[in-house]
Amino acid sequence: MEKEAFLSQDFLKKIKSIHPSTKGSWGVMNVHDMIEHMSDSFRMASGKDLYTKILTPLENIPKLQAFILSDKPMRENTKNSLMGETPADHRHEHIEDAYQELETEIHDFFQAFSHDKTLVVRNPFFGDLNYDLWIALLYKHGKHHLRQFGIQEIDNS
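How each quantity is defined
Residues numbered from 1 in each chain as written. Predicted model: local features only at pLDDT ≥ 70, side-chain atom pairs only at ≥ 80, totals over all residues. Heavy atoms only, no water. Helix = DSSP H or I, 4+ residues; strand = E, 2+ residues; numbered from the N terminus. Rg over C-alpha atoms; globule rule 2.2 N^0.38 Å. Buried < 20%, exposed > 50% of the residue type's maximum accessible area, 1.4 Å probe, protein only. Contact = heavy atoms within 4.5 Å. Areas by Shrake-Rupley, 256 points an atom, 1.4 Å probe, with all protein chains shown as cover. Core = buried A, V, L, I, M, F, W, Y, C linked by side-chain atoms within 4.5 Å. Phe/Tyr/Trp six-rings, centres within 6.5 Å; stacked < 30°, edge-to-face > 60°.

1. Here we look at the overall build of the protein chain
Within the protein chain one finds five helices and two strands. In the protein chain, the succession of helices and strands from N to C terminus is α-α-α-α-β-β-α. Taken over the C-alpha trace, the protein chain has a radius of gyration of 15 Å; the compact-globule value for 157 residues is 15 Å, and the two agree within 12%. Reported as C-alpha extents along the three principal axes, the dimensions of the protein chain are approximately 40 × 35 × 30 Å. Taking all 157 residues of the protein chain together, the buried fraction comes to 44%. In the protein chain, the proportion of contacts linking residues at least 24 apart, taken out of those at least 6 apart, comes to 80%. Carbon together with sulfur atoms contributes 52% to the accessible area of the protein chain, which is approximately 8900 Å² in total.

If you want it as structure tokens, here you go:
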């Protein structure tokens, strides 16, 4: 799977290729904020951070899951109601520690599903997602933030 390989092998390399002082083309996050935000996404996907409530009307879930599987990119400035208007304080003082956390969360996501292929983990916006839907969502989300910081090509080059 191309998306799976990208997330497990190349995503962190692409993130590390962004200079920490790079300004995003949109939004309020800086590079460090984005790294910690992506760690949160992988932590949610692995089931470490559990959400019981689905914030989206249930009748919209099939359409949103179809969007996950589509080639349509996430829109710039997409609001996340779980985040404030300004980024949360950094968990890590040094960006190197944020990289390490992201690497751990990526690894733990793949480990969680390697132990249970039938695992379904709730996303508060997209509903209950299996492995394939999580891969598609994390890929789309990662691509969105790489684009935000100037990384247009996300192939394995």
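Back to the text.
2. Remarks on the nonpolar core
Judged by nonpolar contacts, the single largest core of 38 residues is most densely connected at Phe 11, Phe 42, Leu 102, Phe 109 and Trp 134. Of all elements in the fold, only helix H1 (2-16), helix H2 (31-45), helix H4 (95-115) and helix H5 (131-148) reach the threshold of two or more residues within this core. Counting residues per element, this core draws most heavily on H5, which supplies nine residues. Residues in contact with Leu 102, not counting those within four places in the same chain, are Phe 11, Leu 12, Ile 15, Ile 35, Met 38, Ser 39 and Phe 42.

3. Points about unusual backbone geometry
Leaving glycine out, the prevailing phi sign among residues is negative, and the prevailing peptide bond configuration is trans. Positive phi outside glycine occurs at Asn 77, with the angle close to 60°. Position of Asn 77 among the secondary structure elements: in the loop between helix H3 (61-69) and H4. Classification of Asn 77 by relative accessible area gives partly exposed; the value is 45%.

4. Here we look at the packing of aromatic side chains
Enumeration over the complete set of coordinates arrives at nine aromatic pairs. Seen from their ring centres, Phe 11 and Phe 42 are 6.2 Å apart, and the 35° between their planes marks the pair as tilted. Note that Phe 11 is positioned in helix H1 and Phe 42 in helix H2, a separation of 31 residues in sequence. The pair formed by Phe 11 and Phe 42 is uniform in burial state, with each residue classed as buried.

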